[in-house]
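For reference, the chains in residue letters:
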Amino acid sequence: MVKYGLARLGLFVALTVAIQAFVMAVNAPVPLVVSALLALFVALPLSMLLFKRWRMEATQSIAQYAAQRRAQKQWVQQELAGR
């Protein structure tokens, strides 16, 4: 899950830098915040395509953690009901 998160963050930063570099090369008055928002909108679908394997691993990891939590909660409820 950490790999996927860091990869998405890196993609966002790289896109922000690339967009801002293009804006500076064209000499257009575009604030950094606007470049970052555009990078955010582009990075989301692009990260789903580029990092598909890591996204699947993160989803499986979260599902496994949720199953463990449900099992633990059920065990605690059974223990409390037995008293």
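Criteria and cut-off values
- Residues numbered from 1 in each chain as written.
- Predicted model: local features only at pLDDT ≥ 70, side-chain atom pairs only at ≥ 80, totals over all residues.
- Heavy atoms only, no water.
- Helix = DSSP H or I, 4+ residues; strand = E, 2+ residues; numbered from the N terminus.
- Rg over C-alpha atoms; globule rule 2.2 N^0.38 Å.
- Buried < 20%, exposed > 50% of the residue type's maximum accessible area, 1.4 Å probe, protein only.
- Salt bridge = Lys/Arg side-chain N within 4 Å of Asp/Glu carboxyl O.
- Phe/Tyr/Trp six-rings, centres within 6.5 Å; stacked < 30°, edge-to-face > 60°.

Q: Residue-level account of the overall build of the protein chain, with values.
A: The number of helices and strands found in the protein chain is three helices and zero strands. Moving toward the C terminus, one meets the helices and strands of the protein chain in the order α-α-α. In terms of C-alpha radius of gyration, the protein chain reaches 21 Å, well past the compact-globule figure of 12 Å for 83 residues. Looking at the 83 residues of the protein chain, the share that counts as buried comes to 17%.

Q: How would you summarise the pattern of salt bridges if you had to cite specific residues and measurements?
A: Per the counting criterion, the structure on display carries two salt bridges. Ionic pairing is found between Glu 57 and Lys 3, a salt bridge with its closest N-O pair at 3.4 Å. With Glu 57 in helix 3 (residues 52-81) and Lys 3 in helix 1 (residues 2-26), this pair connects stretches of sequence that are 54 residues apart. Among the residues examined, Glu 57 registers a relative accessible area of 34% and is labelled partly exposed. The exposure class assigned to Lys 3 is partly exposed, which follows from its relative accessible area of 45%. Of the charged contacts in the structure, one is a salt bridge between Glu 57 and Arg 53, with a shortest N-O distance of 3.6 Å.

Q: Go over the packing of aromatic side chains, please, and point to the residues and values.
A: Under the defined criterion, the tally for this structure stands at one aromatic pair. Judged by centre distance (5.8 Å) and plane angle (10°), the rings of Phe 51 and Trp 54 are stacked.

Q: Describe in detail the environment of Ala 14, supporting the description with residues and values.
A: Take Ala 14: it is sitting in helix 1. With a relative accessible area of 45%, Ala 14 lands in the partly exposed category. When the C-alpha positions of Ala 14 and Ala 25 are compared, they lie 16 Å apart, and in sequence the two are 11 residues distant.

Q: Kindly report on unusual backbone geometry, identifying the contributing residues and their values.
A: Here the phi dihedral of Asn 27 falls at roughly 65°; this positive angle occurs in a residue that is not glycine. Structurally, Asn 27 can be placed in the loop between helix 1 and helix 2 (32-50). Take Asn 27: its relative accessible area is 67%, and that puts it in the exposed class.

These results come straight from atomic positions and should not be treated as a statement about function.
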